[in-house]
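# Residue-level structure breakdown
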Amino acid sequence: MCGFVGFTNDINDSNQVLQKMLDSIQHRGPDAKGTYIDEDIALGHRRLSIIDVTNAGNQPLYSEDGNLVLIYNGEIYNYKDIRKRLQKAGYHFATQTDSEVLIYGYREYGPELLQQLRGMFSFVIWDKSQKSLFGARDFFGIKPLYYAQMQDTFLFGSEIKSFLHHPHFKKVLNTTALENYLIFQYSPCDETFFQGVYKLPPAHYFTYHEGKFEMKRYWDVQFQADEKPDLNTWVNRISDTFHDSVEAHKIADVEVGSFLSSGVDSSYVAAIADVDKTFTVGFGKDERYNEIGWAKDFSTAIGKKNYNKVITPEEYWEKLPIIQYHMDEPLADPAAIALYFVCNLASQSLKVVLSGEGADEIFGGYNVYSEPGGSAYDKLPRGLRRGIGAVAEKMPAHKGRNFLVRKGKDLEERFIGNAYMFTPEERKSLLKIRTNAPNPMEITKPFYDKVQDKDDVTKMQYLDLHMWMAGDILLKADKMSMANSLELRVPFLDREVMALAQQIPTRYRVTRKEITDEKTPYVTKYAMRLAAKKDTPPQTAKTAAKKKLGFPVPIRVWLKEEKYYQIVRQRFESDEATRFFHTEKLVKLLDDHRAGKADNSRKIWTLYIFLVWYQVYFPEDCASKDEA
């Protein structure tokens, strides 16, 4: 795992600038540093040595004739198979790394190489003779790739923070991204919080030649249910395919460990990975927020050693600025901070860990997926439900109100992903600034349009695979692991696993209780849970039925404590808050939460995290009046 930076070279001090850019992402690759500079391009790379840990694997990496130059971040798990094919075609390899197959694979196949890859990656190849760039990002967006065009300079790299050191980069807040963030809790579009900086979307590649940037999608999820196999056949196929994926994701010349929570996803990974170490973090002694005891018992049952840490509230809050620095853009998912700590814990023992991200999106694991058509209320006429919902929306908060409001709306209106922080009306009320930020339905519509003929569960999965997973789940997975110089691998997010999962009928993803022996009305990830039971030791098989917790964080509790209430209130009344918000409304959200009038914890956290991030990246705008 690594990080890279680059820019088209039209400055005199390109070497000094490139070195500063590389220094800003040293955490992504502390083992080695390399550069390539000519009159047209400047490329830099930081390496975390995982495969072929000798210096032969350092980058930039060159083709045999020296014409192609590669900088790359990721792992190609089937690189040995591709290498054999290329060797038969006459190519000679100078290293044992997976990196070199990208150079010769691109020369042999062009963009069609991407269809052969199995792994996580972002990379850029410079063609000296053509003076052109080719770059690509993996299928799911596991590895990031940002780009910007500033004063005729084309910048690209693994993290936005590296761009700040280029003299042509203009640091300006993108307020449209702020408005979108207040609804989604992350930046949901290709544009970022920095004006003029964009994310290359997952499963896309780009070319840049003579000042012209072109981008194209090369792959997409295709949900097409195969109704012929029975449930047991699907369970066996999931087991076989996932075993193969985990084995592929263990390829390394260094030790590999595994994260472990009390949920089925990470437990399934840990149970079949046969690694020696598992890692867990928790908060306090309350089992709602601390899974360490369970993880230790599970690890003992599978014959592994569990390393764990209890995170104190003081540690959690103290790390927020450095975490938002590493995130590049504000992310209001409280689990990101917990992930930072478990990555830090693992990094003290090894360089590579396996994790369970992606199982919910691929196999249908979120509780909200069980909602469509799940009650007698859904059988009422649509017009009646919409009318009741419209009335309920205008009423004060009370038990059952949200249910009526949700059921009064079509899926495309109510579901934008796993987080819906502020409605457009609430956003407008809070903000002083005004932009042309789109309605959330305008952002989600292109994805819904592609699956308009599918059932509601499939629609939600498709949307989450393209937005929530890349914008939240994988953003924090990459940034928090790399902040600790740790490679995080996600065996659920594998092309072969996805190829299987997209064929599973909806009833085997999210199923009704009458065809199961479970106590809940619906069972999410049903077929996958059965596969996990099949592959998990009998004494721990109950994990397959355990309620999903994720990384439970006691934010709602802390915000009622005097110490943390005052910390947040001070931020809500700061000069930078006043720049963007009607601060009296922010304080009211905080006071109502403390008084127990409403659980505003997630809304408060969304606002607070933005203000923490803003102070980190725009400190010049955050000086107190006394300092100004």
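Before any of the text, the structure's been laid out above.
Residues numbered from 1 in each chain as written. Predicted model: local features only at pLDDT ≥ 70, side-chain atom pairs only at ≥ 80, totals over all residues. Heavy atoms only, no water.

Our next topic: the overall build of the chain. On a plain count of helices and strands, the chain comes out with 26 helices and 19 strands. Relative to the compact-globule value of 25 Å for 628 residues, the chain shows a C-alpha radius of gyration of 24 Å, a close match. Taking the principal axes of the C-alpha coordinates as reference, the chain spans close to 70 × 65 × 45 Å. In the chain, which comprises 628 residues, the proportion classed as buried is 60%. Restricting to contacts in the chain with at least 6 residues of sequence separation, those with at least 24 account for 71%. Summed over all atoms, the accessible surface of the chain reaches about 24800 Å², with 48% contributed by carbon and sulfur. (Helix = DSSP H or I, 4+ residues; strand = E, 2+ residues; numbered from the N terminus. Rg over C-alpha atoms; globule rule 2.2 N^0.38 Å. Buried < 20%, exposed > 50% of the residue type's maximum accessible area, 1.4 Å probe, protein only. Contact = heavy atoms within 4.5 Å. Areas by Shrake-Rupley, 256 points an atom, 1.4 Å probe, with all protein chains shown as cover.)

Further remarks concern the environment of D98. When you line up the elements, D98 lands in the loop between α2 (79–88) and α3 (99–109). Spatially, the C-alpha atom of D98 lies 9.2 Å from that of G74, the residues being 24 residues apart in sequence. Side-chain polar atoms of D98 contact the backbone nitrogen of I76, separated by 2.9 Å. (Polar contact = N/O pair within 3.5 Å; in protein donor to acceptor, adjacent residues only side chain to side chain.)

This brings us to unusual backbone geometry. Outside of glycine, negative phi angles account for most residues, and trans bonds account for most peptide bonds. Between Q59 and P60 the backbone carries a cis peptide bond, its omega angle lying at 5°. Here P60 lies in the loop between β3 (41–47) and β4 (61–62). Phi at D152 is positive, roughly 70°, even though this residue is not glycine. Position of D152 relative to the elements: it lies in the loop between β8 (146–150) and β9 (153–157). By relative accessible area, D152 is classed as exposed at 65%.

A word on the nonpolar core. Ranked by internal contacts, the top residues of the largest apolar core, which has 178 residues, are Y316, F581 and F610. If near-sequence neighbours (up to four positions away) are discounted, Y316 is found in contact with F283, I311, P334, I337, A338, F341, V553, I555, W558 and W605. Residues F4, Y36, Y147 and F154 belong to the second largest nonpolar core, which totals 16 residues. (Core = buried A, V, L, I, M, F, W, Y, C linked by side-chain atoms within 4.5 Å.)

Now for the pairing of strand β13 (residues 256–259). Here β13 shows two buried faces, one formed by V256 and S258 and the other by G257 and F259. The pairing of β13 with strand β16 (residues 352–354) spans three bridges and is parallel. Paired with V256 across the strands is V352, a residue of β16. Inspection of the sheet shows β13 paired to strand β14 (residues 277–282) by two bridges, in the parallel sense. Across the sheet, S258 pairs through a bridge with T278, a residue of β14. Each parallel crossover has a hand, and the one from β13 via helix α6 (residues 264–273) to β14 is right-handed. (Pairing = 2+ DSSP bridges. Right-handed = clockwise from strand over helix to strand, strands pointing away.)

Moving on to helix α26 (residues 601–617). Relative to the 24 Å expected for 17 residues at 1.5 Å per residue, α26 spans 24 Å between its end C-alpha atoms, a close match to the ideal helical length. Counted residue by residue, α26 has 13 buried out of 17 residues, so it is predominantly covered. (Expected span 1.5 Å × (residues − 1).)

A word on the sheet that holds strand β12 (residues 212–217). Ordered in space as β4-β5-β6-β7-β11-β12, the six strands form an open sheet in which the pairing is antiparallel. Each having just a single partner strand, β4 and β12 make up the two edges of the open sheet. Relative to strand β5 (residues 68–76), β4 runs antiparallel, the two sharing two bridges. Residue pairing across strands places L61 opposite L70, the latter belonging to β5.

Moving on: the layout of surface pockets. For the second largest pocket, the calculated volume is near 530 Å³. Around the second largest pocket sit 35 residues that line it, and D190, P201, P202, H466 and A470 are the ones nearest its centre. Among the elements of the structure, α16 (440–450), α17 (456–466) and α18 (468–483) are those that each provide at least two residues to the lining of the second largest pocket. No other element matches α18, which puts six residues into the lining of the second largest pocket. Counted by class, the lining of the second largest pocket contains 22 nonpolar, five polar and eight charged residues. (1 Å grid on protein atoms, 1.4 Å probe; cavity = no way out; pocket = protein on both sides within 12 Å on 5 of 7 lines; lining within 4 Å. Points joined across faces, edges and corners; volume = space filled by probe spheres on them. Nonpolar A, V, L, I, M, F, W, Y, C, P; charged D, E, K, R; others polar.)

Strand residues, when the strand is regular, have side chains that alternate between the two faces of the sheet. Along strand β6 (residues 119–127), nine of the nine residues are buried, which leaves the element largely enclosed by surrounding structure. The side-chain alternation of β6 yields two buried faces, one formed by G119, F121, F123, I125 and D127 and the other by M120, S122, V124 and W126. With nine bridges connecting them, β5 and β6 associate as antiparallel partners. If you follow I71 over to β6, its bridge partner there is V124.

Let's shift gears to the pattern of salt bridges. Applying the stated rule across the entire model yields 40 salt bridges. Taking the shortest distance from any N to any O, the salt bridge between K588 and D592 comes out at 2.7 Å. Of the two residues, K588 and D592 are both situated in helix α25 (residues 583–594); the distance of four residues between them amounts to about one turn of the helix. Since its relative accessible area comes to 15%, D592 is described here as buried. Each of R28, K143, E159, K161, D328, D478 and K479 takes part in one network of salt bridges that share partners. (Salt bridge = Lys/Arg side-chain N within 4 Å of Asp/Glu carboxyl O.)

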